[in-house]
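# Secondary and tertiary structure notes
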Amino acid sequence: CSHADDPALIGDAEVNGNWTPQEKALHEARLKAKAKRRLRRSSSRNSASESSESKDLAGADPHSPKGKVVTNDRKSRMGKGRGLPKKGGAGGKGVWGAAGMVYEDEEPDVKDPNYDESAQGDTVYETVMPEVEEREMEKMVNPIVQEYFEHGDTKEVQMLLKELNLGPHKYEVSSLAVSLSLEGKASHRELTSLLLSDLSGKMLSQGDMSRAFDKMLKDLPDLILDTPEAPQMLGQFIARAIADHVLPMDFLDYHKGKVDCEHARVALDRAAVLLSMKREMVRLDNVWGVGGGLRPVKHLVKEMNLLLKEYLISGDVAEAEHCLRDLEVPHFHHELVYEAVVMVLESNGDTAGHMMMKLLQSLWKTGLITVDQMNRGFERVYNELPEICLDVPHAHSIMENFVDLCYQESVITKQLRDTCPSRGRKRFVSEGDGGMIKN
């Protein structure tokens, strides 16, 4: 038999050193495997004994037969803790909490994944407008002011400006409006003065207005490039603003002796002269000459009568055209035609007729008086001719001659000439003249 498996012989051989390297390696591997098996067996025995002890202590019911383990017990089976029920007896499937517990309303957490903003009662959404930057002010405000020059409604301007978050640059609304009006008509400047008066105290304070006019006084050298009369006009704006209590009364006194710019001094001197007039601030309401449809009809009729009378004296057609343009009432030019024809009927001789024909011809060629305005003016005279005849008995014959003259010079149309009323009664030479009409 072989002695390779005998431990004594193996030990002796190991001591004697008779093993080959292969046998020695095999022997070491067997020893390691044997040690691992022993370690596994010892660990499994310890765990089994601990589990049996814990079952005896925690799971055994003294009243149950044969110490059967109660599976529905809520006490810990791990032998840890104080032996109290889990969650204080409030846990378990389908259980909301301990008996008698009252829950209070909790505030919804915005960070909760299930948070629903629309379900949180009355939700108010507010549009937040970003503050308008200074370089965008002109781009945002100029269209509003230009549209205001067309409709003249200051309330609409206030509504549009409130929609913009102007921030600390709101004072520039006044300076931008004045700068635009300097390049426009007299009616635009009157509208601008009204706008400043309505904005004062509501959207802009006197301090904001003072700041805006200070800025315009500094910018006068640039404004003169486009509007040479800017210093005088700005002086009128300052005087009107002080009269309307838009600017403080001591605005001029504050700048006296503190202005180095020559143009600014001209503007302040102009304002001081206007405020020191005999009637003082009463006349400043008409500092711009109230143009356009803002004038009452009676005032416009008076202005046109004065215009025609001055023309009959001077004969200057260009001056008459200039005065008519300054009135800025193209929709009311039929009144000029009416007044001109009535003056011809009430005049003595043919001079007035020829002069009025030349004036109407010039206004017609330049486009100041349109076809509709010309027709409407003559038709008004046609309708009132019976009443005019009470004061001017020969009005019919004068009217016929003037209408023929205007038609020959292409001032009126053939249709308008044909609608001219004829005499009310035809006179015959005698009964035996064969029906011939007396010329």
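This text goes with the structure placed above it.
Residues numbered from 1 in each chain as written. Predicted model: local features only at pLDDT ≥ 70, side-chain atom pairs only at ≥ 80, totals over all residues. Heavy atoms only, no water.

### Considering the environment of D404
The residue D404 is located in helix 17 (residues 395-408) in this model. Owing to a relative accessible area of 34%, D404 belongs among the partly exposed residues under this scheme. Along the sequence, D404 and R417 sit 13 residues apart, while their C-alpha atoms lie 7.1 Å from each other. (Helix = DSSP H or I, 4+ residues; strand = E, 2+ residues; numbered from the N terminus. Buried < 20%, exposed > 50% of the residue type's maximum accessible area, 1.4 Å probe, protein only.)

### A look at helix 5 (residues 172-182)
The buried fraction of helix 5 is high, at 10 of 11 residues. Residues E172, V173, S174, S175, L176, A177, V178, L180, S181 and L182 constitute the buried set of helix 5. Packing partners of the buried residues in helix 5 comprise helix 3 (137-151), helix 4 (154-162), helix 6 (186-199), helix 7 (206-218), helix 8 (220-226) and helix 9 (230-243). (Contact = heavy atoms within 4.5 Å.)

### Topic: the environment of E229
Note on placement: E229 falls in the loop between helix 8 and helix 9. Sequence-wise, E229 and E183 are 46 residues apart; in three dimensions their C-alpha atoms are separated by 9.9 Å.

### A closer look at helix 13 (residues 317-327)
Taken residue by residue, helix 13 has A320, E321, L324 and L327 as its buried positions. The arc that holds every buried residue of helix 13, seen down its axis, measures 115°, which confines them to one face. Looking at the packing, one finds that the buried side of helix 13 touches helix 12 (297-314), helix 14 (333-346) and helix 15 (351-366). With a side-chain oxygen lying 3.2 Å from the backbone nitrogen of A318, the N-terminal cap of helix 13 falls on D316. (Arc of directions from axis to C-beta. Polar contact = N/O pair within 3.5 Å; in protein donor to acceptor, adjacent residues only side chain to side chain.)

### Description of the packing of aromatic side chains
All chains considered together, the criterion is met by 3 aromatic pairs. The interplanar angle of 15° and the centroid separation of 6.2 Å between the aromatic rings of F378 and F402 together place this pair among those described as stacked. Taken together, the residues F378 in helix 16 (residues 371-391) and F402 in helix 17 connect sequence positions 24 residues apart. Each of the two residues, F378 as well as F402, counts as buried. Ring pairs connect the aromatic residues F378, Y382 and F402, which therefore count as one cluster. In this arrangement the basic side chain of R380 is found over the ring face of Y338, its NZ or CZ atom lying 4.2 Å from the centre. In this structure, R417 packs its charged tip against the face of Y407, placed 4.4 Å from the ring centre. (Phe/Tyr/Trp six-rings, centres within 6.5 Å; stacked < 30°, edge-to-face > 60°. Lys NZ or Arg CZ within 6 Å of the ring centre and 35° of its normal.)

### A closer look at the pattern of salt bridges
Here the structure, examined in full by the defined rule, presents 8 salt bridges. Across the pair K414 and D418 runs a salt bridge whose closest N-O atoms are separated by 3.1 Å. In this pair, K414 and D418 are both assigned in helix 18 (residues 414-418), 4 residues apart and thus about one turn of the helix distant. Connected through salt bridges with shared partners, the residues E190, R240 and D244 form a single ionic network. (Salt bridge = Lys/Arg side-chain N within 4 Å of Asp/Glu carboxyl O.)

### Overview of the nonpolar core
F213, L217, L234, I238 and F251 are the most contacted members of the largest nonpolar core, which totals 49 residues. At 8 residues, helix 9 tops the list of elements feeding residues into this core. Apart from residues no more than four positions distant in its own chain, L234 is found in contact with V178, F213, M216, L217, L220 and A267. One finds M304, L368, L405 and I412 within the second-largest nonpolar core, a separate group that totals 46 residues. (Core = buried A, V, L, I, M, F, W, Y, C linked by side-chain atoms within 4.5 Å.)

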